[in-house]
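Listed here are the chains, written in short residue letters.
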Amino acid sequence: MALRFRHLLGIESLTTEQILFLLDQSKPFQEFQRYPLKKLATLRGKTVALAFFEPSTRTRISFATAAARLGADSMLFQAEGSSLKKGESLLDTVRTLEAMMPDAIVLRHSASGAAEFVAARLEIPVINAGDGAHEHPTQALLDALTIRDRKGMLENWNITIIGDILHSRVARSNIQLLSRFGCRITLCGPPMWMPPEMESLAHGVRRTARIEEALEGADVIITLRVQTERQHEPSLSPEEYILLYQLTPERLRRGHPDAIVLHPGPMNRGLEIDPAVADGPQSCVIEQVTNGLAVRMALLFQVLGAPADSPGEGTNASD
Amino acid sequence: MLLIKNGRVVDPVSRTDAVLDLLIEGERIARIGEKTSTAGAEILDATGWIVAPGFIDLHCHLREPGQEISETIETGTRAAVRGGFTAVCAMPNTQPVNDNASVTRSIVERAAASARARVWPIGAASVGSKGEALAEIGAMREAGIVAVSDDGRPIAGARLLRQVMEQCRALDLPVIEHCEDASLFAGGVMREGPRSARLGLRGIPAESESICAGRDVEIAALTGARYHVAHLSARRTLEHVREAKRRGLPVTCEVTPHHFTLTDEDVTYDARFKMNPPLGSRDDREALLEGLADGTVDAIATDHAPHHPASKEVEFDRAPFGVIGFETAIGLAVDELFHAKRVTLPRLVELFTTGPARVLGLRENRRIAVDALADLTLFSLDYPWTFRAEESASRSRNSPFDGRKFRGAPMATVVAGRVVWRRP
């Protein structure tokens, strides 16, 4: 089984072995974040193009920092103030970036399938940093790393995902990843954001519109961000959302006592999550951010750095 | 004089299915018989081929005037005759929209100068197809339109639809509807279902189509107009048509080859799988196949919708809807309907000939008989070939069937007694 891959387009296209390999490879990079001097020379001379066609702060900074700490240079393309406003197409833009000879491109775009579209047309590896409502694979990987660290393993947990499932690439990638490990996934949110066909995404996915029921016995709770910018969508008023779906300390008590709470950020404190939960002992939101760096360093190292025929150190899949 | 020798003549009107020779003089069939020979006639050897009345496509976009970068009347009809079509109905969503007699006349003139097949324009129902004011349907009829439609969108509002239908009833024209409910459609790009959920693409429920068809049938009953559902894609829409037929209403419908061949499960991020209406579920496809067999569906129409390659070479969300379809229609019909044993050969021919002719209310029906117009489609049930979009006669390349292997194949096309295309 080949552990290496050329593009990272989504969790769905990774093998389970590749997922475990990436998580194992992330371990040393987690340690590394605590070093006083955070700079390696591993990817010195390599360049990563960060093509962010959609506003993003944390994912962009995380990838840029990951590249820098591996010694790579990054070149940033942002939709703001770019030639996109002059009518340049996605394809022309990424081809222009490619002509500046980066060794890989990290792509964030509002259209589902954008990463696959670009990967089929460029010569360099493409890393999907979020494509529309489709996938956000590095988010799912960092969530998995966080779950494995906190709970000791990835297998067979009761996972509850709350929020706008339909439009969430984070939900799709997490469903794809966690269902591989036998986790039972409960989706919860307003019915219009959680159509029946979401259950067909993977084995062991069920839906409930009632948060109390969704949290019963939960081991891991993933709270999604309410995308307030999605204004053309019919949606619940904030008051209604808080009443029905906010993760509060009382509701959290329905979960397992050791349950952990994840949030992909940025949080709307007081909307989808009560501040007491966000800052409470069960919350993992801060370590998620640090783990994101580790996962992205492991990923960039894998795509750009490791010699083609050696999978590198630490390939013994644990768990 | 043209002598078509040894072909298997299949004519649903006269229920002919026999190996016969056809002698054509001028624009008409002069003689039909076994072993006809005439000195001096050009001979077309049709041994092993089907010889059928000329195929009609009720639904295509020739893009002229206005979008000649994607297609012209010349290139579009060149592709049409390569696909076995002798007559094509051109939808009015050109630039400008064919919503008045002067545009209609210019299309008719351009067709007379450059078209390989007959071009029958369809006029817009409302000015600019904007769904506000009634178009000058009477004047367009004088200029040569064969039907009325705001294709690309439904005729907006039941009140305007009623006026259009009343007008068309008086003028004896069919009203062709692109069935869609705008609020349910809501920016969708493919059929709503497990596949759209997986791909994270915005889904369009089947009810967007069936709700509109349901409304339309009510207004058709109210007005007595001839009503035709374009590119029908959903089981529930077909049930509306079936029910209307049972009531004796003059309601008809067409189905495209891509809808009876593919389903939403075939959709990828490749924009060649993006069309409107979108590919339906497996159950919808099954319903279409049943309707094609049992007579609920009146015609196969291509909805040939060329788009310049650059406009389709974008993210799925941004790509325009539509696929080209002339050159693959017979291949798909023969392979997916006849060889798959879903329809008989005479029924297949009917879906391309008498079916569409009846929808249009053509005075001269499509048939093979002495003195009948010599529009003929010659095709094979067993000629292996591969469709290559890059070799298409169309200016566009947006086909989901690029590289597909076929057994069914158009072999030659005769319009008004002239061989306008034959397979090289």
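Residues numbered from 1 in each chain as written. Chains lettered and ligands numbered in written order. Predicted model: local features only at pLDDT ≥ 70, side-chain atom pairs only at ≥ 80, totals over all residues.

K.L.:
Before we go on, may I ask you to explain the domain arrangement of chain A in this structure?
P.N.:
Accessible area lost on assembly of the parts is the figure often given for the size of an interface. Residues and elements named next belong to chain A. Each domain of chain A was delimited in the assignment, giving domain 1 (11-136 + 288-305) and domain 2 (137-286). For domain 1 versus domain 2, the separation of C-alpha centres amounts to 25 Å. Opposite the 25 residues of domain 1 that make contact, domain 2 presents 26 residues. For the side of domain 1 that touches domain 2, the secondary structure elements donating two or more residues are helix 1 (16-32), strand 4 (126-131) and helix 11 (285-305). Sorting elements by how many residues they give to the side of domain 1 that touches domain 2 places helix 11 first, with 8 residues. Looking at the side of domain 1 that touches domain 2, its residues break down into 10 nonpolar, 10 polar and 5 charged. (Domains from an automatic or database assignment. Contact = placed C-beta atoms within 7 Å. Helix = DSSP H or I, 4+ residues; strand = E, 2+ residues; numbered from the N terminus. Nonpolar A, V, L, I, M, F, W, Y, C, P; charged D, E, K, R; others polar.)

K.L.:
What is the right way to read the interface of chain A and chain B from this model?
P.N.:
Facing 19 residues of chain A, the contacting portion of chain B comprises 14 residues. Those elements giving two or more residues to the side of chain A that touches chain B turn out to be helix 3 (90-98), helix 4 (114-119) and helix 6 (169-179) of chain A. Considering each element in turn, the side of chain A that touches chain B owes the most residues, 3 residues, to helix 4 of chain A. In the side of chain A that touches chain B, the residues fall into 9 nonpolar, 6 polar and 4 charged.

K.L.:
Before we go on, may I ask you to explain the pairing of strand 5 (residues 50-53) of chain B in this structure?
P.N.:
For a regular strand, side-chain orientation follows a simple rule: the groups alternate between the two sheet faces. Residue and element names in this part refer to chain B. Examined bridge by bridge, strand 1 (residues 2-11) and strand 5 share 2 bridges and lie parallel to one another. Bridging from a neighbouring strand, Arg8 pairs with Ile50 of strand 5. Note: strand 5 against strand 16 (residues 376-380), 4 bridges, orientation antiparallel. Note on strand 16: the bridge partner recorded for Pro53 is Leu376. (Pairing = 2+ DSSP bridges.)

K.L.:
Help me out: how do you make sense of unusual backbone geometry in this one?
P.N.:
Glycine aside, negative phi is the norm for most residues, and most peptide bonds take the trans geometry. Residues and elements named next belong to chain B. Following Glu64, the chain continues to Pro65 via a peptide bond in cis, the omega torsion being 10 degrees. In this structure, Pro65 sits in the loop between strand 6 (55-60) and helix 1 (73-82). A cis amide bond, omega 0 degrees, links Gln95 with the succeeding residue Pro96. Relative to the helices and strands, Pro96 is located in the loop between strand 7 (85-90) and helix 2 (101-114). Unlike most non-glycine residues, Arg63 shows phi in positive territory, near 65 degrees. Mapped onto the elements, Arg63 comes out in the loop between strand 6 and helix 1. Its 28 C-beta neighbours within 10 Å are what place Arg63 among the buried residues. (Buried ≥ 20, exposed ≤ 12 C-beta atoms within 10 Å, placed from the backbone.)

K.L.:
Explanation requested: the sheet that holds strand 9 (residues 147-149) of chain B in the structure shown.
P.N.:
Within a beta sheet, neighbouring strands are joined by backbone hydrogen bonds and run either parallel or antiparallel to one another. All names here are of chain B. Taken together, 8 strands build an open sheet; the order of strands is 6-7-8-9-10-13-14-15 and the sheet is parallel. Strand pairing shows two members of the sheet lacking a second neighbour, strand 6 and strand 15 (299-300), which therefore form its edges. As judged from the 3 bridges shared by strand 10 (residues 175-177) and strand 13 (residues 227-229), these two strands associate in the parallel manner. Looking at strand 13, one finds that Ile176 is bridged to His228.

K.L.:
How should the packing of helix 1 of chain A against helix 11 of chain A be read in this particular structure?
P.N.:
A pair of packed helices is captured by two measures, namely the crossing angle of their axes and the spacing between those axes. All names here are of chain A. One way to put it is that helix 1 packs onto helix 11 with a least axis distance of 8 Å and a crossing angle of 115 degrees. Every pair of crossing elements has a handedness; the one defined by helix 1 and helix 11 is right-handed. Seen from helix 1, the contacting residues are Leu22, Gln25, Ser26, Phe29 and Gln30; seen from helix 11, they are Asn291, Ala294, Val295, Met297, Ala298, Leu299 and Gln302. Taken together, the residues that form the contact of helix 1 with helix 11 break down as 7 nonpolar, 5 polar and no charged. (Axes fitted to C-alpha atoms, helices over the stretch in contact; angles between N-to-C directions. Left-handed = near helix turned anticlockwise from the far one by under 90°.)

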